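Here is what each chain is made of, one letter per residue.
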Amino acid sequence: TKIPISPAGTKTAINKVLKRFKLVGGHLSFVLVDDRKIRAVNRRYLKHDYATDVLTFDLCTKKKRGVVEGEIVISAQKAQRNAMEYGVSVKSEVLLYMIHGVLHLLGYDDHSPSGIKKMRAKEKQLLSLVN
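Predicted model only: the values in this text are computed from it and were never measured.

Student: I'd like a description of the packing of helix α1 (residues 7–20) against helix α5 (residues 113–130), backed by residues and values.
Tutor: It is the contact of α1 with α5, at a shortest axis distance of 9 Å, that shows an interaxial angle of 125°. One element, α1, and the other, α5, form an angle in the oblique class. Here α1 and α5 pass one another in a crossing that is right-handed. Together, Ala-13, Lys-16, Val-17 and Arg-20 of α1 and Gln-125, Leu-126, Leu-129 and Val-130 of α5 make up the contact between the two elements.

Take a look at the structure:
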């Protein structure tokens, strides 16, 4: 199934997020795949044998203030299922995953209860900024 995402609209939304963090340069790549592919990537690079919603790879070789570089892999199938479950558009769910990936590149972590709480609050704030 195709997901109605506008590349120009998505770029505008992500640029708003980046501006909020005063980022001035870098490169981001977003890749939408199916569950089978994200599971394979997760297994290959992180040694986790399951499908997930988002995988973030920091590609910044030299840490420079105001610069972010990375690749964010998103399961379009997971986004479709979660969008139906939560009663939101698939476009909004994919945008949430994009923001989630960017936050990981900026150092946000969701591996502890306090990290999850901070990340969810920031995601909510940024989604309201771009919607």
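Student: Residues and numbers for the pattern of salt bridges, please.
Tutor: With the rule as written, the count across this model stands at four salt bridges. Across the pair Asp-49 and Arg-43 runs a salt bridge, and its minimum N-O distance is 2.5 Å. You can call Asp-49 partly exposed: its relative accessible area is 43%. Looking at Arg-43, the relative accessible area reads 40%, which means it is partly exposed. Salt bridges linked by common partners bring Arg-39, Arg-43 and Asp-49 together as one network.

Student: Lay out the environment of Glu-123 with the relevant residues and their values.
Tutor: Inspection of the secondary structure assignment puts Glu-123 in helix α5. Once the C-alpha coordinates of Glu-123 and Val-102 are considered, the two residues, 21 residues apart in sequence, prove to be 10.0 Å apart. If we ignore the near neighbours within four places in the chain, the residues touching Glu-123 are Leu-96, Ile-99, His-100 and Leu-103.

Student: Report on the packing of aromatic side chains, specifying residues and quantitative values.
Tutor: Inspection of the entire model under this criterion finds two aromatic pairs. Geometrically, the ring pair formed by Phe-21 and Tyr-108 is edge-to-face, given 6.3 Å between the ring centres and 75° between the ring planes. Linking Phe-21 in the loop between α1 and β1 (25–33) with Tyr-108 in the loop between α4 (90–105) and α5, this pair joins segments that are 87 residues apart in sequence. Residue class for Tyr-108 comes out partly exposed when judged on its relative accessible area of 25%.

Student: Break down α5 for me, with residues and values.
Tutor: Its 18 residues give α5 an end-to-end C-alpha distance of 26 Å, which sits within 8% of 26 Å, the value for a rise of 1.5 Å per residue. All of the buried residues in α5 are Gly-115, Met-119, Glu-123, Leu-126, Leu-127 and Val-130. Viewed along the axis of α5, the buried residues span an arc of 100°, placing them on a single side of the element. The outward face of α5, more than 90 degrees from its buried face, is lined by the exposed residues Pro-113, Lys-117, Lys-118, Lys-124 and Ser-128.

About the criteria used
- Residues numbered from 1 in each chain as written.
- Predicted model: local features only at pLDDT ≥ 70, side-chain atom pairs only at ≥ 80, totals over all residues.
- Heavy atoms only, no water.
- Axes fitted to C-alpha atoms, helices over the stretch in contact; angles between N-to-C directions.
- Helix = DSSP H or I, 4+ residues; strand = E, 2+ residues; numbered from the N terminus.
- Parallel < 35°, antiparallel > 145°, perpendicular 65-115°, else oblique.
- Left-handed = near helix turned anticlockwise from the far one by under 90°.
- Contact = heavy atoms within 4.5 Å.
- Salt bridge = Lys/Arg side-chain N within 4 Å of Asp/Glu carboxyl O.
- Buried < 20%, exposed > 50% of the residue type's maximum accessible area, 1.4 Å probe, protein only.
- Phe/Tyr/Trp six-rings, centres within 6.5 Å; stacked < 30°, edge-to-face > 60°.
- Expected span 1.5 Å × (residues − 1).
- Arc of directions from axis to C-beta.

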